[in-house]
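An overview of the molecular structure
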Amino acid sequence: MPALTYCCLVSCSNNGSSSTMYPAPEPDTIAQVFLPGIVSIDTLDFNAAFSPDGKTFYFSRSHNRKYIILESKYNGKAWTAPIPSPLFDTTYSNADPFFSQEGDLYFISNRPKDLSDSTDDYDIYRLPKNGKPERLDQVNSDSTEYYVSLSNNGNIYFASYRDGNLDLYMSRKTAGQYEKPVNLGPTINSSADEHDPLIAPDESWLVFTSGRPGGLGEADLYITFSKNGQWLLPRNMGERINTKTYEYCPNLSPDGKYFFFSSESDVKWISSKILKEYAAE
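Predicted, not measured: the structure shown is a model, and the values here were computed from it. The numbers attached to residues start from 1 for each chain and follow its sequence in the written order. Note on the predicted model: pLDDT of at least 70 is required for a residue's local features to be given, and 80 or more for side-chain atom pairs to be given and counted; whole-chain, interface and lining totals, by contrast, use all residues. Side-chain measures here rest on the full set of heavy atoms in the structure, leaving out hydrogens and waters.

All right, on to the overall build of the protein chain then. Secondary structure elements follow DSSP: runs of H or I of four or more residues count as helices, runs of E of two or more count as strands, with numbering from the N terminus. Scanning the protein chain from N- to C-terminus turns up two helices and 23 strands. Atoms counted for the radius of gyration: C-alpha only. Globule rule: 2.2 Å times residue count to the power 0.38. Against the 2.2 N^0.38 benchmark of 19 Å for 281 residues, the protein chain shows a C-alpha radius of gyration of 18 Å, consistent with a compact globule. Every one of the 281 residues in the protein chain was classed for burial, and the buried ones make up 55%. The contact definition used throughout considers only heavy atoms, calling two residues in contact when any of these lie within 4.5 Å. Contacts spanning at least 24 positions in sequence make up 46% of the contacts within the protein chain whose residues lie at least 6 apart. Method for areas: the Shrake-Rupley scheme with a 1.4 Å probe, in which residue coverage is limited to the protein chains shown. Carbon together with sulfur atoms contributes 51% to the accessible area of the protein chain, which is approximately 12,600 Å² in total. Positive charges are assigned to Lys and Arg, negative charges to Asp and Glu, while His and the chain termini are left out of the count. Note that the charge is assigned to NZ on lysines, CZ on arginines, CG on aspartates and CD on glutamates. Counting 25 positive and 36 negative side-chain charges, the protein chain places the centres of these two groups 4 Å from one another. To sort residues, take the accessible area from a 1.4 Å probe on protein chains only and compare it with the maximum for the residue type: under 20% means buried, over 50% means exposed, and anything in between is partly exposed.

Structure follows, in structure tokens:
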């Protein structure tokens, strides 16, 4: 892969923020638990999404048989103890926050789409700045949709059970509307579950979770690169990322400096320089 791929990873990130006050010690190429005792405690904690200004960190936690999205704020001196984010209706499960380049907040929820909806599934929602949550009708199906990421041109990547297997899909954004989602195909998807996609801002690479045979644990993170409009064979991201358990929820910090993921019931982070190693091969 040319050096431009990694340069764009850092400089073309979704929000371009450089004001995020990262907690010390900041990791290099060995993954660390993120904000232990605040974000990562003795429960199931996952997801990682900074607000565009870098001053609020959103993540999800399993609580009373529901998923809730919490927020921790930087108060000028430290990151505060998290609270359930007031942006979300805690009557329902909410998870998988992701900010678009425009600053809209995407997430999944099992809230009913209307008064007649009795299906207990997860759908993708968009929360515009200073707006109310909107269900993305063009993207969702009658099955569950999980985990959203968006490229800088607005194309949306996500996982869905709509064809009977948990696979990765993409919907192009054209003239402000999403087209019919398309399956990413057999190079990406297997007979195992694939989910939690993280698309590069310029769509040059894709990181995702897969439980395919040959991994290091229950499910691992894999990376693939785009060449001439086609995805190359995905590669396991190796022992510095993957463990004997389950790795999922990849994301980048707003400035592209750090790669976040979830593992061993915690949120972890590592320098995004590790992705350069895959880009160079």
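There's plenty left to go through after this.
Turning our eyes to something else, we now look at the pairing of strand 12 (residues 167-171). Extensive coverage of strand 12 is indicated by the burial of five of its five residues. A two-sided burial pattern is seen for strand 12, the buried positions comprising Asp167, Tyr169 and Ser171 on one face and Leu168 and Met170 on the other. Each pair of strands is called paired provided DSSP finds at least two bridges between the two strands. The pairing of strand 11 (residues 156-160) with strand 12 spans five bridges and is antiparallel. From the neighbouring strand, Ala159 faces strand 12, where its bridge partner is Leu168. Linkage of strand 11 to strand 12, two consecutive antiparallel strands, is achieved through a turn of six residues, within which Gly164 is found at a positive phi near 95°. In this structure, strand 12 lies alongside strand 15 (residues 182-183), joined through two bridges in antiparallel fashion. Across the sheet, residue Tyr169 finds its bridge partner in strand 15, namely Asn183.

Pairing is antiparallel across the open sheet formed by four strands, whose spatial order is 2-3-4-5. A single partner strand is all that each edge strand has here, and the edge strands are strand 2 (45-50) and strand 5 (83-84). In the sheet, strand 2 pairs with strand 3 (residues 56-63) via four bridges, with the strands oriented antiparallel. Bridge pairing in strand 3 places Phe46 opposite Ser60.

So, about the pattern of salt bridges. When a carboxyl oxygen of Asp or Glu is within 4 Å of a side-chain nitrogen of Lys or Arg, the pair counts as a salt bridge. Considering all chains together, one arrives at 11 salt bridges under this definition. Across the pair Glu26 and Lys257 runs a salt bridge, and its minimum N-O distance is 3.4 Å. Of this pair, Glu26 sits in the loop between helix 1 (3-11) and strand 1 (32-33) while Lys257 is found in the loop between strand 21 (247-252) and strand 22 (258-263), placing the two residues 231 residues apart along the sequence. Taking the shortest distance from any N to any O, the salt bridge between Asp123 and Arg135 comes out at 3.0 Å. Note that Asp123 is positioned in strand 8 (residues 123-127) and Arg135 in strand 9 (residues 134-135), a separation of 12 residues in sequence. By sharing partners, the salt bridges in this structure join Asp123, Arg135 and Asp137 into a single network.

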